[in-house]
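# Remarks on the overall topology
Each chain is listed here by its residues.
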Number of protein chains: 2
Amino acid sequence: MELWVTEYQTPNLGFSCRVKATLRNEKTPFQHLAVVETEQFGRMLLLDGMVMTTDVDEYVYHEMITQVALNSHPHPEKVLIIGGGDGGALREVVNHPKVKKGTLVEIDERVIQAARDFFPALACSFDHPKAEVIVDDGVKFVKEHKNTFDVILVDSTEPVGPAVELFSQNFYRDVYEALCDDGMLVVQSESPFYNRDVIKMAFTGIKNVFPVCKLYLASIPTYPSGLWSFTVGSKKYDPEEVSFVYENPQLKYYSPEVHKAVFKLPPFVKKIVEGDE
Amino acid sequence: MELWVTEYQTPNLGFSCRVKATLRNEKTPFQHLAVVETEQFGRMLLLDGMVMTTDVDEYVYHEMITQVALNSHPHPEKVLIIGGGDGGALREVVNHPKVKKGTLVEIDERVIQAARDFFPALACSFDHPKAEVIVDDGVKFVKEHKNTFDVILVDSTEPVGPAVELFSQNFYRDVYEALCDDGMLVVQSESPFYNRDVIKMAFTGIKNVFPVCKLYLASIPTYPSGLWSFTVGSKKYDPEEVSFVYENPQLKYYSPEVHKAVFKLPPFVKKIVEGDE
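Thresholds applied
- Residues numbered from 1 in each chain as written.
- Chains lettered and ligands numbered in written order.
- Predicted model: local features only at pLDDT ≥ 70, side-chain atom pairs only at ≥ 80, totals over all residues.
- Heavy atoms only, no water.
- Helix = DSSP H or I, 4+ residues; strand = E, 2+ residues; numbered from the N terminus.
- Buried < 20%, exposed > 50% of the residue type's maximum accessible area, 1.4 Å probe, protein only.
- Areas by Shrake-Rupley, 256 points an atom, 1.4 Å probe, with all protein chains shown as cover.
- Lys, Arg positive; Asp, Glu negative; His and termini not counted.
- Charge placed at Lys NZ, Arg CZ, Asp CG, Glu CD.
- Pairing = 2+ DSSP bridges.
- Axes fitted to C-alpha atoms, helices over the stretch in contact; angles between N-to-C directions.
- Contact = heavy atoms within 4.5 Å.
- Arc of directions from axis to C-beta.
- Least-squares fit on C-alpha atoms with pLDDT ≥ 70 in both.
- UniProt positions renumbered as here; feature names shortened; annotations may be inferred.
- Domains from an automatic or database assignment.
- Buried area = accessible area lost by both parts, 1.4 Å probe.
- Salt bridge = Lys/Arg side-chain N within 4 Å of Asp/Glu carboxyl O.
- Polar contact = N/O pair within 3.5 Å; in protein donor to acceptor, adjacent residues only side chain to side chain.
- Nonpolar A, V, L, I, M, F, W, Y, C, P; charged D, E, K, R; others polar.
- Phe/Tyr/Trp six-rings, centres within 6.5 Å; stacked < 30°, edge-to-face > 60°.
- Lys NZ or Arg CZ within 6 Å of the ring centre and 35° of its normal.

### Re the overall build of chain A
Looking only at helices and strands, one finds 9 helices and 12 strands in chain A. Counting only C-alpha atoms, chain A reaches 55 × 45 × 35 Å along its principal axes. Classification of the 277 residues of chain A by burial places 64% in the buried group. For chain A, the accessible area works out to roughly 10100 Å², and carbon and sulfur atoms hold 49% of it. Within chain A, one finds 28 positive and 40 negative side-chain charges whose respective centroids are separated by 3 Å.

Here you go:
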């Protein structure tokens, strides 16, 4: 018998990986969660059938959702992650020398448990002395905090299911309030090839609230189209400027040079954020 | 009945598109050729089961294999394309204001015919006054020309089947001889995520022959991993420097700003070309 797992990245497009073993397959209170061992990418976490992370390429997403803000904010001491229950973004945050505390707020405790059980390279962050792990609704958590965080990272699924609120104008306003006077927000905002509407929604929503709003890109082979976008909202600092040269030879995708390059958008992406298409 | 076409991008990874119609399906003297109409990407050309080009994303590959050399060589008047029988790279070449003649040498006449029949937006280049289309073996053609071309572009399939010679040291030496004293070569060199050995082979082979050798990247959703590499060999000019600002609002991926950014390699890609892994 041959086992394959297929993500229908769009109704007309399938991405299939040969599977060695199914490690977990459950319905949580919030979503369907699966962990499979694949030949191509090692262990793979899927939520509602969408690939969230894999052993082989997790570094791109986790470095790129964190390091750009961590290295353009001059003092990212208090950092909040909404979602990101696998622990990968938290790992990058707590290992950054300028961070004093990294708080993770994940709505689904079963995601955290799956990471603890099957992704030790990500879940190691949960027990780091700088880490705080909270199981709660990120939307509610953000509302309850004012003027608290230097950086907020929204490491969510697609704007369906539990994540739909995380792409709303009201949420971006609450994030603005939860940030300090010079705070910075980064959200994952999907593929410029397949999800132009999501990018427009996130970009417009953030631009309406934050004085500085910019998009940057990274290449993630297990995400639809292989090209992913992140949107930054900033109260003060320009995220294109590296404030601090973080010489970390462990990083495999991020470097100060890459930091600057990822904001140089191809014209078709520029048009999406400039509202020309 | 549901029709899907699947490219096994690796033995453990399938990329599947829903198909509306099969337009051509034949064994040519050189390879298997298929043209299908897909829901996601419009028309798609496959050679030996590998996606070569599609209506929807062809612009990325065709702009990026051509414009970097065309805009860093100060006088790209005579340009040779080896392979590229779909006509897309030739379109970019003949439309560039500095080019006087674009010569396409494709080994498989049936690829040219498929483009004429099904990809009018690419095949329009064949009848351009600056275009010359030759059905011949590119390896032989290059051997027969000395000191002739300003730019040579190798728009080949993977290093299997008819393209295997196009990744050899001897071929790169013949290309060097076919170029003028300040000539520039660009080859497609596969995915940094899945084809590290191909990149190493192309990069080392070109570096052994050309004084300047650099790699750059572009995001192509229908190619394996979505991230593709191109290797430049140059006798004189630095391909990172834009010599000429080509203000063409038709281009959707390339811009002078993108030109500079695509050479800023993530550390894991730098390691491949520096031979550290």
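### Notes on the sheet that holds strand β9 (residues 149–155) of chain B
Residue and element names in this part refer to chain B. Read across the sheet, 7 strands follow the order β8-β7-β6-β9-β10-β12-β11 without closing on themselves; strand pairing throughout is mixed. The open sheet has two free edges, formed respectively by β8 (131–135) and β11 (212–219), since each of these has just one partner strand. Adjacent strand axes in the sheet meet at a mean angle of 15 degrees, parallel and antiparallel pairs treated alike. In terms of strand pairing, strand β10 (residues 179–188) meets strand β12 (residues 227–234) through 5 bridges, oriented antiparallel. Note on β12: the bridge partner recorded for M184 is S234. Helix α6 (residues 169–178) contacts β6 (78–83), β9 and β10 of the sheet and is inclined by roughly 140 degrees relative to β10.

### Topic: helix α6 (residues 169–178) of chain A
Counting along an α-helix, one turn takes 3.6 residues, and residues three or four places apart therefore face a common direction. Residue and element names in this part refer to chain A. Within the span of α6, buried status applies to F171, Y172, D174, V175 and A178. For α6, the angular spread of buried residues about the axis comes to 160 degrees, placing them on one side. Where α6 is buried, its residues meet β6 (78–83), α5 (138–143), β9 (149–155), β10 (179–188) and α7 (196–207).

### What about the relation of the copies chain A and chain B?
Both copies of the chain are related by one operation, a rotation about an axis with a shift along it. Each copy of the sequence occupies a distinct position, and chain A is placed on chain B by a rotation of 180 degrees and an axial shift of 0.0 Å, giving an RMSD of 0.0 Å. Such a combination of rotation and displacement between the chain copies is what one expects of a two-fold axis.

### Topic: the UniProt feature "domain: PABS" (unreviewed entry) in chain A
UniProt annotation of "domain: PABS" (unreviewed entry) refers to residues 2–235 of chain A when read in the numbering used here. Overall, residues 2–235 of chain A shows 27% helix and 38% strand. The separation of its end C-alpha atoms is 52 Å.

### Details of the environment of B:F203
All names here are of chain B. Within the secondary structure, F203 sits in helix α7 (residues 196–207). For F203, a relative accessible area of 7% corresponds to the buried category. Taking the C-alpha atoms as reference points, F203 and V273, 70 residues apart in sequence, are found 6.7 Å from one another. Leave out the neighbours within four places in its chain, and F203 touches C213, K214, L215, T231 and V273.

### Concerning the domain arrangement of chain A
Residue and element names in this part refer to chain A. According to the domain assignment, chain A consists of domain 1 (4–54) and domain 2 (58–274). On the domain 2 side, the residues contacting the 23 residues of domain 1 number 23 residues. Summed over both partners, the interface of domain 1 with domain 2 buries about 2100 Å², with 65% contributed by carbon and sulfur atoms. Counting every contact that joins domain 1 to domain 2 gives 2 salt bridges. For E26, the salt bridge identified is with R110, shortest N-O distance 3.1 Å. Linking domain 1 to domain 2 there are 7 residue pairs in polar contact (both at pLDDT 80 or more).

### Comments concerning the sheet that holds strand β7 (residues 101–106) of chain A
Residues and elements named next belong to chain A. A sheet is described by the order of its strands in space; here 7 strands give the open sequence β8-β7-β6-β9-β10-β12-β11, paired in mixed fashion. Only two strands of the sheet have a single neighbouring strand rather than two, namely β8 (131–135) and β11 (212–219). Taken over all neighbouring pairs, the strand axes of this sheet differ in orientation by 15 degrees on average, direction set aside. By the bridge criterion, 8 bridges tie β11 to strand β12 (residues 227–234) in an arrangement that is antiparallel. Counted as the bridge partner of S219 is L227 from β12.

### Focus on the interface of chain A and chain B
At the junction of the two partners, chain A supplies 37 residues and chain B supplies 37 residues. Summed over both sides, the interface of chain A with chain B buries roughly 3100 Å², with 58% coming from carbon and sulfur. The largest per-residue losses of area from chain A upon contact with chain B belong to A:N12, A:Q40 and A:E257, which jointly make up 17% of the total buried on that side. Measuring nitrogen to oxygen at the nearest pair gives 3.4 Å for the salt bridge that ties B:K270 to A:E257. Inspection of the chain A/chain B interface yields 12 residue pairs in polar contact (both at pLDDT 80 or more). Put simply, the parts of the chain that give the side of chain A that touches chain B at least two residues each are β1 (4–10), β2 (13–27), α1 (58–70), α8 (256–261) and α9 (267–274) of chain A. In terms of residues, the side of chain A that touches chain B owes the most to one element, β2(A), which gives 6 residues. Taken together, the residues of the side of chain A that touches chain B break down into 22 nonpolar, 9 polar and 6 charged.

### Some points on the packing of aromatic side chains
To describe a pair of aromatic rings, you give the distance between the ring centres and the angle between the ring planes. In total, this model carries 28 aromatic pairs over all chains according to the counting rule given. Between A:F141 and A:F149, the aromatic rings sit 6.4 Å apart at their centres with planes inclined by 35 degrees, giving tilted as the arrangement. Classification of A:F141 by relative accessible area gives buried; the value is 7%. Just above the ring of A:F149 sits the side chain of A:K78; from NZ or CZ to the centre is 5.9 Å. The lysine or arginine in question, B:K252, covers the ring of B:Y59, its NZ or CZ lying 4.3 Å from the ring centre.

### Some remarks on the UniProt feature "binding site: spermidine" (unreviewed entry) in chain A
Residues and elements named next belong to chain A. Under the local residue numbering, the UniProt record ascribes the feature "binding site: spermidine" (unreviewed entry) to H62, D86, D155, S156, T157 and E158. Position of D86 among the secondary structure elements: in the loop between β6 and α2 (88–95). Among all residues touching D86, those that are not within four sequence positions of it are L45, T53, H62, V111, A115, L122, A123 and F126. A polar contact is formed between the side chain of D86 and the side chain of H62, at a distance of 3.3 Å. Position of D155 relative to the elements: it lies in strand β9. Relative accessible area serves as the criterion here: at 9%, D155 is assigned to the buried category. A polar atom in the side chain of D155 sits 2.6 Å from the side chain of Y61.

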